[in-house]
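# A structural walkthrough
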Amino acid sequence: MALREELQRAGLPAPRALVRLLALLRDSPETHLRLADVMRLAAQNELPTGQLGLARQLESLADHGLLGRLPTTEAEAVFDTVPEAHAHLIYEEDAQVVDLHVSPETLLAILRHALAAWPGEVAVLARLPARAAGSDASVDRTAADGGFHRPSGQGFPR
Ligand SMILES: [Zn+2]
């Protein structure tokens, strides 16, 4: 799908600058970008580089599902040019982030391996969809997936 249509389907206006920004992000070999990275990319490609404008555009693209947000505990947002949900490995030593586009089975195997290799040193963060905290329907679906037990039936324990 053309980027202009993708923007329009997401309910966003598609001015030329936003189409070009999205194209630039999608073409970036680095998929996890902070605002400063995007400002640098924009400058290299002769796009408007205003910090506030770019920040707004990035937030808007992410809010409309055209960019992802890296689940991170950092204060600064890290945008993911791959909007579909996927897992990440973050290496603490150099903060390298690796995308994992793998099956659930492979993901669990990787986790099992990491937990065995570095017992007590691996931190796992799972971002759940908003509906995971909501209705009974999601409770049933979660249980049917063989996954989690929610004692009260009202969302995951927090
Ligand atoms: Zn990613």
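The structure displayed is predicted, hence computed values, not measured ones.

Let's shift gears to the overall build of the protein. For the protein, the count of helices and strands is six helices and five strands. Secondary structure elements of the protein occur, N-terminal to C-terminal, as α-α-β-α-α-β-β-β-β-α-α. Residues classed as buried in the protein amount to 12% of the 158 residues present.

Turning our attention to the sheet that holds strand β3 (residues 79-80). If you walk across this open sheet you meet the three strands as β1-β3-β2, and the pairing is antiparallel. Of all strands in the sheet, those bounded by a partner on one side alone are β1 (32-33) and β2 (68-69). Sheet analysis places β2 next to β3, joined by two bridges and oriented antiparallel. Counterpart to G68 in the pairing with β3 is D80.

On to unusual backbone geometry, then. Unlike most non-glycine residues, E46 shows phi in positive territory, near 55 degrees. Along the chain, E46 turns up in the loop between α3 (35-44) and α4 (51-63).

Before going further, it helps to spend a moment on the confidence of the model for the protein. With 84% of its residues at a pLDDT of at least 70, the protein reaches an overall mean of 86. In the model, residues 137-141 has pLDDT below 50 throughout and makes four contacts with residues more than four positions away in sequence or in other chains.

Pairing geometry for strand β4 (residues 87-91) and strand β5 (residues 96-100), over five bridges, is antiparallel. Bridged to Y91 within β5 is Q96. The antiparallel pairing of β4 with β5 creates a hairpin that spans four residues between the two strands, and A95 there sits at a positive phi of about 60 degrees.

All right, on to α4 then. One turn of an α-helix holds 3.6 residues; hence residues three or four places apart share an orientation. When the terminal C-alpha atoms of α4 are compared, their 18 Å separation across 13 residues agrees well with the 18 Å that a helix rising 1.5 Å per residue should span. Among the residues of α4, those classed as buried are L54, Q57, L58 and L61. Buried residues along α4 cover an arc of 100 degrees about the axis, so they all sit on one side. Facing away from the buried surface of α4 by more than 90 degrees, the exposed residues are L52 and R56. Tucked inside the fold, the buried residues of α4 contact α2 (16-27), α3 and β3.

Before going further, it helps to spend a moment on the nonpolar core. With 14 residues, the main nonpolar core has L22, L58 and L67 as its most contacted residues. The set of elements that each furnish at least two residues to this core consists of α2, α3 and α4. Setting aside anything within four residues of it in sequence, one finds L67 in contact with L25, L58, L61, A62, F79, D80, T81 and P83.

Okay, the packing of α3 against α4 next. Relative orientation of the contacting elements α3 and α4 amounts to 110 degrees, with a least axis distance of 10 Å. As summarised for this structure, α3 and α4 are arranged roughly perpendicular, according to the angle between their axes. As α3 packs across α4, the resulting crossing turns out to be right-handed. Contact residues: L35, V38, M39 and A42 in α3; Q51, L54, A55 and L58 in α4. Residue composition of the contact of α3 with α4, by class: seven nonpolar, one polar and no charged.

Glancing now at the environment of P71. Within the secondary structure, P71 is located in the loop between β2 and β3. The exposure class of P71 is partly exposed, given the 14 C-beta atoms found within 10 Å. Each C-alpha atom, one on P71 and one on R127, is 6.9 Å from the other, the two residues being 56 residues apart in sequence. When sequence neighbours within four positions are dropped, the list of residues in contact with P71 reads L125 and R127.

Scoring rules and cut-offs
- Residues numbered from 1 in each chain as written.
- Predicted model: local features only at pLDDT ≥ 70, side-chain atom pairs only at ≥ 80, totals over all residues.
- Helix = DSSP H or I, 4+ residues; strand = E, 2+ residues; numbered from the N terminus.
- Buried ≥ 20, exposed ≤ 12 C-beta atoms within 10 Å, placed from the backbone.
- Pairing = 2+ DSSP bridges.
- pLDDT = per-residue confidence, 0-100.
- Contact = placed C-beta atoms within 7 Å.
- Expected span 1.5 Å × (residues − 1).
- Arc of directions from axis to C-beta.
- Core = buried A, V, L, I, M, F, W, Y, C linked by C-beta atoms within 7 Å.
- Axes fitted to C-alpha atoms, helices over the stretch in contact; angles between N-to-C directions.
- Parallel < 35°, antiparallel > 145°, perpendicular 65-115°, else oblique.
- Left-handed = near helix turned anticlockwise from the far one by under 90°.
- Nonpolar A, V, L, I, M, F, W, Y, C, P; charged D, E, K, R; others polar.

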